[in-house]
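# Tertiary structure, described
In case you want the letters, here they are:
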Amino acid sequence: MRALLMLAAVTLALTACSDDKPPPTPEPSGGADEGDWKDTGAFAACTVDTASNTCGSVTSFGTSGCRPGELATLELEGVYTLHVRARNPRYGNTYSFSSQSMRLASTGTQYAGGLTLDARQVGAGGNVYISGSRTEGTNGVRRRSFLGCQSPETDRLQGCYVECLNGRVEGEGTFDAVKVTARVDEPESSGMERVSETAVAPGLPVDVYIAHGHAYVVALGGGLFVYDVSNPSQPVLTEHIQRTNDTYWNGVWAHGNALYVASGVRGVIVFDLTDPAHPVEVFSTGTRTNVHTVFVYENTLFAASPAPTGEVLVYDVTQPLSPELTGAFQAAGFDAASSYGPHDMFAFEGRLYVNFWRAGYVIGELNPSGTPRQLGSYRYAHSTSHANAVARYGERLIAFEGGEDWGAHLRVLDVTDPASVKLIGEHRMRDYVSIHNMVLSGTKLYVAWYHEGVRVLDVSTPESPREMAHYNTFRPDDAGRGESFYDGAIGIRVPGDGFIYTVDTSRGLLILRETTP
């Protein structure tokens, strides 16, 4: 069930490598920014026989170019992240990329590409074959298979990849996989301590908001969980709300006596917080509308809606329990078929900053009409612009931006002139782990960095972010690890009460406290 939930999350939020046609890559802006990664060609010299009648089988791979001797020291255990370079034969030689994951273990369930493994073997030549499948209702059976045939480093596996639907090749290419382990010589935490840890089940916890002494956690497939956190060392569950046929709740925000939940099928769901421990649903903004995240600025609610039209919906919430739609915002030249729509938003000093995924980081001017006017944008190669925060530094407006992909990291942008955004700094972790969400509080940037856990950066000199504290939430042996690339610390809030609230996809709600000023 958990694997299906995460797969659904990735399908709705992104576009997997099995999509029909690879999206166009926009030209980057900003000059010095070359993107999160570069396409350097095939990862391995093995091949896939696209004419094979046994798509996905070990015999459908050609191994003459393999270097299996390199696999002798590789331990096929643990969680790996994968960068897949594949093409759909129906669309020629254009390659697209996806970020995936797998978990290999001697016991327990194993995963590859979001599917449960049903085949794993080491061939006579030393090549490693891994394959998983899933029945998709009337669509039939989907299979993803990997042939690992070289290991240039002891923690790396490279080889060929194929995706099949009912025995037909949907995508084929190569992959690069890296085992996720603890960073060398880094302790579990530094400058931070865990105050409490609360499992969130059922479902996959993805976001949290703190208001009225309560933590409101949403989980894919699990709904809304309400915790009394008046004693942060012992959160108490006071309410759990689920809805049949409405299981994709991905974002949450509170404003006055209202709680807004982003729903994949009902837009924004509004709950009355008259009794903060027991929210009562009073309204939803629309059916068949996918809202991914929500953000409130003054008396305006912004709802990122990737589908059906890929735009930010703008609501007047002067009456918090009665949102009134006043407009919508979409990136200039946006193509809903290839750009995947908005993900996160941030509003500051009369501007709206939107992460429009492939369409880049887009800046709009807020105005009384309710429909923002685009002022500029920033795009980089293979853009997956996902999260941001903005602050004023003297005469400059500085934005902190991050994507959600292989190599995604923190960018520091001067957005003073939105028509000429400049890259002025960066902060990277390991290239096979993605950044996710961030919260700016004063001169500290708190980042939920998936497998890297929670990272606190000193951004007093914005051009040179400096890590000052961390807490590693990722443990490879936790239940559910390896089901998706989007794994680990995923949501974070810093409400100013002395605590940091984060949600981890496996561990649930963690309340942390800094131990250094």
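Located above this text is the structure these notes cover.
Structure report, in brief. (Residues numbered from 1 in each chain as written. Predicted model: local features only at pLDDT ≥ 70, side-chain atom pairs only at ≥ 80, totals over all residues. Heavy atoms only, no water.)

## So, the pattern of salt bridges
In this structure the tally under the stated criterion is 40 salt bridges. Here Arg90 makes a salt bridge to Glu170, at a shortest N to O gap of 3.5 Å. Within this pair, whereas Arg90 is found in the loop between strand S3 (78-87) and strand S4 (96-104), its partner Glu170 is found in strand S10 (residues 168-179), the two being separated by 80 residues in sequence. When its relative accessible area of 42% is taken as the criterion, Arg90 is described as partly exposed. (Salt bridge = Lys/Arg side-chain N within 4 Å of Asp/Glu carboxyl O. Helix = DSSP H or I, 4+ residues; strand = E, 2+ residues; numbered from the N terminus. Buried < 20%, exposed > 50% of the residue type's maximum accessible area, 1.4 Å probe, protein only.)

## Looking at the pairing of S3
The element S3 is largely enclosed, with a buried count of nine among its 10 residues. Pairing analysis gives nine bridges linking S3 to S4, with the strands arranged antiparallel. When the sheet's bridge partners are listed, Ala86 is paired in S4 with Ser96. Looking at chain direction, S3 and S10 are connected through eight bridges and run antiparallel. (Pairing = 2+ DSSP bridges.)

## Observations regarding the state of the cysteines
Inspection of the entire model under this criterion finds two disulfides. Cys46 shares a disulfide with Cys160; S-S distance 2.2 Å. Judged by the sign of its S-S torsion, about 115°, the cystine formed by Cys46 and Cys160 is right-handed. Linking Cys46 in the loop between helix H1 (2-13) and strand S1 (47-48) with Cys160 in strand S9 (residues 156-165), this pair joins segments that are 114 residues apart in sequence. This pair shows no difference in class: Cys46 is buried, exactly as Cys160 is. In this model, Cys55 is linked to Cys164 through a disulfide, with the two sulfur atoms separated by 2.0 Å. (Disulfide = S-S within 2.5 Å.)

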